[in-house]
Amino acid sequence: MILYFLSTYVDQNWKDTYLQGLISLSGNYAGEVDNYEQIISGVVPFFPNASSKLFQSFDFFAWLLPNPKVYGSRDLIFGPSRNYSAMDTPSLLKDLGAEGLAYLYSNYSTLTQDLPPPNVDVHCFYGENISTPIGYSYSNFDKPATNTHKGPGDGEQDDTTNHSCEIWAKTQDPKYKFEMKAFPGVKHIDLPGNSDVLQTIIGIVTSQ
């Protein structure tokens, strides 16, 4: 939502006047593969008794599913009768019977799909070198995944989305700083409280 705010609600003069910059901690700019698991089978550790229908009613999934312009045609969901890439998300939602979420997705998933540059000083921080879901296999969409495919990431978001802000190094105004920094072995949920991350942030804030 911060990217939508910076690219839509405020102009450049406002940003130059009121913002020192953007420090992004595991920014979910290109969506997240494990969000598919939640809307397909309702598997969420902190909601043990929830159902997929509940999660399909959450509007924020309309812009938190994998961005097709970033993830492309790589298969992410291996279903009972066909496979789905991020580009096939509308078909997946239809096959799940998630009509409400399908409507929201068709209207809102494109709001920041092109990853418009924020045009402020940007510091993208993320964890890495942790086994992370990059796809799921299902024998039946009414049951949990039969296999979780793993790849590099921060344990929750894979490298594809964690690296998505890299595009801004080329697309935003070069007068603004751009930094990407990985923190090996730091999990997604632990990044905000990690001492190395906090020291890095303090260094940025106090150097201005």
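Look a little higher up for the structure.
This one's a predicted model, so the numbers in the text were calculated from it and none came from an experiment.

What counts and what doesn't
- Residues numbered from 1 in each chain as written.
- Predicted model: local features only at pLDDT ≥ 70, side-chain atom pairs only at ≥ 80, totals over all residues.
- Heavy atoms only, no water.
- Axes fitted to C-alpha atoms, helices over the stretch in contact; angles between N-to-C directions.
- Helix = DSSP H or I, 4+ residues; strand = E, 2+ residues; numbered from the N terminus.
- Parallel < 35°, antiparallel > 145°, perpendicular 65-115°, else oblique.
- Left-handed = near helix turned anticlockwise from the far one by under 90°.
- Contact = heavy atoms within 4.5 Å.
- Nonpolar A, V, L, I, M, F, W, Y, C, P; charged D, E, K, R; others polar.
- 1 Å grid on protein atoms, 1.4 Å probe; cavity = no way out; pocket = protein on both sides within 12 Å on 5 of 7 lines; lining within 4 Å.
- Points joined across faces, edges and corners; volume = space filled by probe spheres on them.
- Pairing = 2+ DSSP bridges.
- Phe/Tyr/Trp six-rings, centres within 6.5 Å; stacked < 30°, edge-to-face > 60°.
- Buried < 20%, exposed > 50% of the residue type's maximum accessible area, 1.4 Å probe, protein only.
- Lys NZ or Arg CZ within 6 Å of the ring centre and 35° of its normal.

## Some remarks on the packing of helix α3 (residues 34-41) against helix α7 (residues 89-96)
Then step 1. Orientation of α3 relative to α7, taken along the N-to-C sense of each, is 20°, at an axis distance of 10 Å. Classified by the interaxial angle, the pair formed by α3 and α7 is roughly parallel. Crossing of α3 over α7 shows right-handed handedness. Every residue of α7 that contacts α3 at Tyr 36, Ile 39 and Ile 40 is listed here: Thr 89, Leu 92, Leu 93 and Leu 96.
Then step 2. Residue classes in the contact of α3 with α7 are distributed as six nonpolar, one polar and no charged.

## A closer look at empty space enclosed by the protein
Where empty space is left becomes clear once a probe the size of a water molecule has been rolled over the atoms.
Then step 1. Tallying each qualifying case throughout the model produces one cavity of 30 Å³ or more.
Then step 2. Together, Ser 24, Ser 26, Gly 27, Tyr 29, Cys 124, Phe 125, Tyr 126, Thr 161, Asn 162, Ser 164 and Cys 165 line the largest cavity.
Then step 3. In terms of residue class, the lining of the largest cavity is made up of five nonpolar, six polar and no charged.

## Considerations on the sheet that holds strand β7 (residues 178-184)
Then step 1. In space, the three strands of this open sheet follow the order β1-β4-β7, with parallel pairing throughout. Single-partner strands in this sheet number two, and they are β1 (22-25) and β7. Adjacent strand axes in the sheet meet at a mean angle of 15° when their direction is disregarded.
Then step 2. Summarising the sheet, β1 and strand β4 (residues 122-128) pair through four bridges and their orientation is parallel. Bridge pairing links Ile 23 to His 123 in β4.
Then step 3. Sheet strands touched by helix α11 (residues 195-206): β1, β4 and β7. Its angle to β7, the strand with the most contacts, is close to 160°.

## Regarding the sheet that holds strand β6 (residues 147-153)
Then step 1. Spatially, β3-β2-β5-β6 is the arrangement adopted by the four strands of the open sheet, whose pairing is mixed. Looking at the sheet topology across the chains shown, the edges are occupied by β3 (83-85) and β6. The mean inter-strand angle of the sheet, taken between neighbouring strand axes irrespective of direction, is 40°.
Then step 2. In the sheet, strand β2 (residues 75-78) pairs with β3 via three bridges, with the strands oriented antiparallel. Looking at β3, one finds that Phe 78 is bridged to Asn 83.

## A look at the packing of aromatic side chains
Then step 1. Applying the stated criterion across every chain, the model contains 13 aromatic pairs.
Then step 2. Summarising the aromatic geometry, the rings of Tyr 4 and Tyr 9 are spaced 5.8 Å apart at their centres and angled 75° between planes, so their arrangement reads as edge-to-face.
Then step 3. Judged by centre distance (5.7 Å) and plane angle (85°), the rings of Phe 5 and Trp 14 are edge-to-face.
Then step 4. Residue Trp 14 is classed as partly exposed on the basis of its relative accessible area of 30%.
Then step 5. Put simply, the rings of Tyr 4, Phe 5, Tyr 9, Trp 14 and Tyr 18 pair up and form one aromatic cluster.
Then step 6. One residue, Lys 181, lies across the ring of Phe 183, its end atom 5.4 Å from the ring centre.

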